[in-house]
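# Summary of structural features
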Amino acid sequence: MLTVEDSAVVAEIDILERRLILLKVIKRNGSEVEFDRGKITAAIEKAFKELYGTADDAMEMCIERIASEIEGLSKIKQLHVEEIQDEIERKLMATRYKT
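Residues numbered from 1 in each chain as written. Predicted model: local features only at pLDDT ≥ 70, side-chain atom pairs only at ≥ 80, totals over all residues. Heavy atoms only, no water.

## Description of the sheet that holds strand β2 (residues 32–34)
As a reminder, the rule being used: Strands qualify as paired when DSSP identifies two bridges or more between them. Only DSSP runs of H or I covering at least 4 residues are called helices, and only runs of E covering at least 2 are called strands; the numbering of each starts at the N terminus. Only the stretch in contact is used when a helix axis is fitted, and all axes are lines through C-alpha atoms; the angle between N-to-C directions ranges over 0 to 180 degrees. Throughout, a contact is declared for two residues whenever any of their heavy atoms are within 4.5 Å.
If you walk across this open sheet you meet the three strands as β2-β1-β3, and the pairing is mixed. Strand pairing shows two members of the sheet lacking a second neighbour, β2 and β3 (78–80), which therefore form its edges. Looking at each pair of strands side by side, their axes are set apart by 30° on average, direction ignored. Its contacts with the sheet put helix α4 (residues 81–93) on β1 (24–26) and β3, and the angle it makes with β3 is roughly 80°.

## Some words on the pattern of salt bridges
Working definition: two side chains of opposite charge can pair if their charged atoms are close together. To keep things clear, this is the line we draw: For this document, the term salt bridge refers to a Lys or Arg side-chain nitrogen within 4 Å of an Asp or Glu carboxyl oxygen.
All chains considered together, the criterion is met by eight salt bridges. Two residues, Glu 45 and Lys 49, come together in a salt bridge whose shortest N-O distance is 3.1 Å. Residue Glu 45 and its partner Lys 49 are located together in helix α2 (residues 37–52), separated by four residues, close to a single helical turn. Among the charged side chains, a network of salt bridges with common partners joins Arg 65, Glu 69, Glu 87, Arg 90 and Lys 91.

## What to know about the packing of helix α3 (residues 57–71) against α4
This is how the line gets drawn: To sort the angles, those under 35 degrees are grouped as roughly parallel, those over 145 as roughly antiparallel, those from 65 to 115 as roughly perpendicular, and the leftovers as oblique. When the near helix sits turned anticlockwise from the far one by under a right angle, the crossing is termed left-handed; a clockwise turn instead gives a right-handed crossing. Three residue categories are used. Nonpolar comprises Ala, Val, Leu, Ile, Met, Phe, Trp, Tyr, Cys and Pro, charged comprises Asp, Glu, Lys and Arg, and polar comprises the others, including Gly.
Remark: α3 packs on α4, axes separated minimally by 10 Å, with the N-to-C direction vectors making an angle of 135°. As far as their axial angle goes, α4 and α3 are oblique. Once α3 is placed against α4, the crossing between them reads as right-handed. Each of Cys 62, Arg 65, Ile 66, Glu 69 and Ile 70 in α3 lies in contact with α4, whose residues at this interface are Ile 84, Glu 87, Ile 88, Lys 91 and Leu 92. Tallied by class, the residues present in the contact of α3 with α4 amount to six nonpolar, no polar and four charged.

## Side note on the confidence of the model for the protein chain
Here is the rule: Confidence scores per residue from the predictor, reported as pLDDT, run from 0 to 100.
For the protein chain, the mean per-residue pLDDT works out to 76, and 72% of the residues sit at or above 70. Highest mean pLDDT in the protein chain belongs to β2 (86); lowest belongs to helix α1 (residues 4–22) (57).

## Some details on the nonpolar core
For soluble globular proteins, the rule of thumb is that nonpolar side chains tend to be buried together. Cut-off, in case you're wondering: By nonpolar core we mean a set of buried residues, namely Ala, Val, Leu, Ile, Met, Phe, Trp, Tyr and Cys, connected to one another through side-chain atoms within 4.5 Å. Each residue's exposure class comes from its accessible area (1.4 Å probe, protein chains only) as a fraction of the maximum for that residue type: buried when under 20%, exposed when over 50%, partly exposed otherwise.
In terms of nonpolar packing, the biggest core is built from 18 residues, with Ile 40, Ile 44, Phe 48, Ile 66, Ile 84 and Ile 88 touching the most fellow members. Among the elements of the structure, α2, α3 and α4 are those that each provide at least two residues to this core. No other element matches the six residues that α3 contributes to this core. The residues contacting Ile 88, other than those within four sequence positions of it, are Ile 40, Ile 44, Ile 66 and Ile 70.

## Considerations on the packing of aromatic side chains
Heads up, the condition is: Stacked, edge-to-face and tilted labels apply to pairs of Phe, Tyr and Trp rings (six-membered ring for Trp) whose centres lie within 6.5 Å, assigned for plane angles under 30 degrees, over 60, and everything in between, in that order.
Evaluated as defined, the whole model comprises one aromatic pair. Here Phe 48 and Tyr 52 contribute two aromatic rings whose centre-to-centre distance is 6.0 Å and whose plane-to-plane angle is 45°, an arrangement assigned as tilted. Of the two residues, Phe 48 and Tyr 52 are both situated in helix α2; the distance of four residues between them amounts to about one turn of the helix. Classification of Phe 48 as buried rests on a relative accessible area of 3%. For Tyr 52, a relative accessible area of 31% translates into the label partly exposed.

Take a look at the structure:
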């Protein structure tokens, strides 16, 4: 028999699984791939390193926050890669890292 705590864990796992399954990225060539948070963080980190020579702790926190916010767009189900880039740019422009 499931306890209330067990039910909450099962519900949370279900939400996370649906979230990961639902978010797809449409690439420039039209192909559809699963969202990969690692690609988002790597791209932003690479940009920081090119601009500033490094990615310090504050930058890392900014990168993680932006990646989480992009991942949170999973309600949309599909995002074009250009939409992701635009969203990252908007979020970066709202920070002190807008060189």
